[in-house]
Amino acid sequence: MAAAKFIFVTGGVTSSLGKGIISASLAKLLQARGYSVTIQKLDPYINVDPGTLNPYEHGECYVTHDGAETDLDLGHYERFLNAPTSQANNVTTGRIYQTVINKEREGEYLGKTVQIIPHITDEIKRRIKLLGETGEFDIVITEIGGTVGDIESLPYVESVRQLKWELGSAALSIHLTLIPYLAAAGELKTKPTQHSVKALLELGVQPDILACRTEKPLSADLKRKIALFCNVNVNAVIEAIDADSIYDVPLLMYKEQLDKVVLAKLKLPLQHEPELKQWKEFLGKLKNPINQVRIGIVGKYIELKDAYKSIAESFIHAGVANECKVIVEWIHSEKIDETNVASKLGHLQGVLVAPGFGGRGIEGKISAIKYARENNIPFLGICLGMQCAVIEFARNVIGWKDAHSTEMSPETKHAVIDFMEDQKKITKKGGTMRLGEYPCIVQKGTKASSVYGKQKIGERHRHRYEFNNKFLKQFEDAGMIASGINPDNNLVEIVELKNHPWFIGVQFHPEYKSTVEAPHPLFVRFVKASMEKQAGA
Ligand code: GLN
């Protein structure tokens, strides 16, 4: 394979313009033209990874198959490309500095003053080039987090400047910017974009392509004006208009010919027209659902929907697979109790209890699960949601009123969820959970087995606590069975109820593996069960 080409994506004017979606959409188009593409995110904060961040700070923490705790944009990359990312695809300032400081302590720079330039920028450049050197990719897209002009992103923009100089036509930069519409003036305004490009130029980076977020279409005149002020070709001013769905964006970018402009600048052949048949079919079904169901997501971070990004996207994929619109109702676990649970969940065709940490909202989750169990509402519990299902069953079916997880109640006699053995000696918080993909054997003749249609599966994890196997027999005798087990250490990975139409709890996170082209079977079957509940109701 020829040496990889590099695309840098920066953002200007404001945050939240959707660099991740633009990067993923461009990658999708290039992949659909036959190129092998990967996307990397560089995050300018000091945390070594986002694993230690509260979801209110930064949304969901995504987990890769090799156990990296990453920014949620990596979820978009995987969902769009249907290809796994890895540790190398997300790098933070914390990780860069940690590497450089460790090298300094080892004496690697002996005698030298260790500085941002060249030592930090060299480490940033090494991390960018690393993905290119694997030989797996024709094109590496690197998204720089934050907004140009931030103090934090300066070393990254400087690294882009150096790499563009070193790599010549093998690298290009795309600047995503905002063209605001001023209602009072009735006009789209280009000035913030001009200023943002100026800020980039001051740092020595001339963007090759401008992707312009806008609420209204950009006229040819406006594009010419932007091109003139920002030293780019008119055809490199790309309109990035607000879309109904993030999954529309690849087609909108295709219409704007972003992929063609990129390939021309990288001196790569167009190969063939993008192969997007499956993608278009997906969009067709997304926009023309035949059925609709209402599913509740019970969690404690619901003020910030990004905290459950992958779950929400998995429902979109699974809805399309069933030609059904899934209307998600976000239900705050702290606001549920025994007295109001029927009014909050009674009208739903499915209930999902979300992952999480700590005791806040736990009793609300348990009440929701009890209601779903007793009223035959399809239920999916993920990670903490599965653990709560185990606690609920122990308390209300087996009759151990004090049953709990030692995460919430270290002293309980019925620790049905307990600290994992190999977690006991761990004292540091960062990157020390059970992370990444582990194998699981699905037991024949169970619901889980009919969902997966195979016995050996692999799913991604992020937890410290587990089902306490000491109590397994009592659970199975009472009707909650372990239908998925890790073959290496016997950890219970899936539980389900024998006497319920569809009640499954999983210790892993299926939402991390659902993509447009491969919707996750657990979500697909959960939505199907919810449709059946509706038909039967
Ligand atoms: N807090 C639980 C644990 O650590 C569940 C984690 C989660 O839901 N991701 O085991």
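One can find the structure itself at the top, above this paragraph.
Now for a description of the structure that goes with this document.

1. Thoughts on the overall build of the protein chain
- If you tally the helices and strands in the protein chain, you get 18 helices and 23 strands.
- Here the protein chain has a C-alpha radius of gyration of 25 Å; the compact-globule value for 537 residues is 24 Å, and the two agree.
- Residues counted as buried form 58% of the 537 residues belonging to the protein chain.
- Considering only intrachain contacts with a sequence separation of at least 6, the fraction spanning at least 24 residues in the protein chain is 73%.
- Counting only carbon and sulfur atoms, one obtains 51% of the accessible surface of the protein chain, whose full area is about 22100 Å².
- Between the averaged position of the 65 positive side-chain charges in the protein chain and that of its 64 negative side-chain charges there is a distance of 2 Å.

2. Digging into the pairing of strand β10 (residues 209-214)
- Extensive coverage of β10 is indicated by the burial of 5 of its 6 residues.
- When strand β7 (residues 171-178) meets β10, the two strands line up parallel, connected through 5 bridges. Among the inter-strand pairings, Leu178 is bridged to a residue of β10, identified as Arg213.
- Two strands pair when backbone bridges link them, and β10 and strand β11 (residues 237-241) are joined in this way by 5 bridges, in the parallel orientation. Directly across from Arg213, in β11, lies its bridge partner Ala240.
- In the classification by handedness, the crossover that spans β10, the intervening helix α8 (residues 220-230) and the parallel β11 is right-handed.

3. Some remarks on the environment of Tyr254
- Inspection of the secondary structure assignment puts Tyr254 in helix α9 (residues 249-255).
- Each C-alpha atom of the pair Tyr254 and Gly361 lies 45 Å from the other, and the pair is 107 residues apart in sequence.

4. As for the sheet that holds strand β17 (residues 415-419)
- As summarised here, the arrangement of the 3 strands in space is β16-β17-β20, forming an open sheet in which the pairing is mixed. Either end of the sheet is taken by a strand with one partner, and the two such strands are β16 (404-405) and β20 (465-467).
- Seen against the sheet, helix α15 (residues 384-398) touches β16, β17 and β20 and runs at an angle of roughly 150 degrees to β17.

5. Remarks on the site of the ligand
- Inspection of the region around the ligand gives Pro355, Gly356, Phe357, Cys383, Leu384, Gln387, Glu407, Arg462, His463, Arg464, Tyr465 and His509 as its neighbouring residues.
- Note that a nitrogen atom of the ligand is positioned 3.4 Å from one of the side-chain N or O atoms of His509.
- Expressed as a share of its isolated accessible area of 300 Å², the protein-covered part of the ligand is 99%.
- Considering only residue class, the shell around the ligand consists of 5 nonpolar, 4 polar and 3 charged.

6. Re the pattern of salt bridges
- Summed over the entire model, instances satisfying the criterion amount to 38 salt bridges.
- Measuring nitrogen to oxygen at the nearest pair gives 2.9 Å for the salt bridge that ties Arg127 to Glu123. In this pair, Arg127 and Glu123 both sit in helix α5 (residues 116-133), 4 residues apart, roughly one turn of the helix. Across the pair, Glu123 and Arg127 agree in class, each one buried.
- When the shortest N-O distance is used, the salt bridge between Glu392 and Arg373 registers 2.7 Å. Of this pair, Glu392 sits in helix α15 while Arg373 sits in helix α14 (residues 362-374), and the two are 19 residues apart along the sequence.
- Here Glu392 falls in the buried class, since its relative accessible area comes to 0%.
- Overall, Arg373 belongs to the buried group, its relative accessible area being 15%.
- Residues joined in a network through salt bridges with shared partners are Lys41, Asp43, Asp71, Asp73 and Glu143.

7. Overview of the packing of aromatic side chains
- Tallied over the full model, the rule gives 18 aromatic pairs.
- Residues Phe393 and Phe475 carry aromatic rings whose centres are separated by 5.9 Å and whose planes lie at 25 degrees to one another, so their mutual orientation is stacked. A residue pair is termed long-range when its members are at least 10 positions apart, and Phe393 in helix α15 and Phe475 in helix α17 (residues 472-478) qualify at 82 residues. When sorted by exposure, Phe393 lands in the same class as Phe475, which is buried.
- The interplanar angle of 70 degrees and the centroid separation of 5.1 Å between the aromatic rings of Phe467 and Phe475 together place this pair among those described as edge-to-face.
- Owing to a relative accessible area of 2%, Phe467 belongs among the buried residues under this scheme.
- Joined through ring pairs, the aromatic side chains of Phe393, Trp400, Phe467, Phe471 and Phe475 make up one cluster.
- Of note, Lys216 hangs over the ring of Tyr181, and the distance from its end group to the ring centre comes to 4.5 Å.
- Over the ring of Tyr438 we find Arg434, and its NZ or CZ is 4.4 Å from the ring centre.

Parameters at a glance
Residues numbered from 1 in each chain as written. Predicted model: local features only at pLDDT ≥ 70, side-chain atom pairs only at ≥ 80, totals over all residues. Heavy atoms only, no water. Helix = DSSP H or I, 4+ residues; strand = E, 2+ residues; numbered from the N terminus. Rg over C-alpha atoms; globule rule 2.2 N^0.38 Å. Buried < 20%, exposed > 50% of the residue type's maximum accessible area, 1.4 Å probe, protein only. Contact = heavy atoms within 4.5 Å. Areas by Shrake-Rupley, 256 points an atom, 1.4 Å probe, with all protein chains shown as cover. Lys, Arg positive; Asp, Glu negative; His and termini not counted. Charge placed at Lys NZ, Arg CZ, Asp CG, Glu CD. Pairing = 2+ DSSP bridges. Right-handed = clockwise from strand over helix to strand, strands pointing away. Axes fitted to C-alpha atoms, helices over the stretch in contact; angles between N-to-C directions. Near = heavy atom within 4 Å. Polar contact = N/O pair within 3.5 Å; in protein donor to acceptor, adjacent residues only side chain to side chain. Nonpolar A, V, L, I, M, F, W, Y, C, P; charged D, E, K, R; others polar. Salt bridge = Lys/Arg side-chain N within 4 Å of Asp/Glu carboxyl O. Phe/Tyr/Trp six-rings, centres within 6.5 Å; stacked < 30°, edge-to-face > 60°. Lys NZ or Arg CZ within 6 Å of the ring centre and 35° of its normal.

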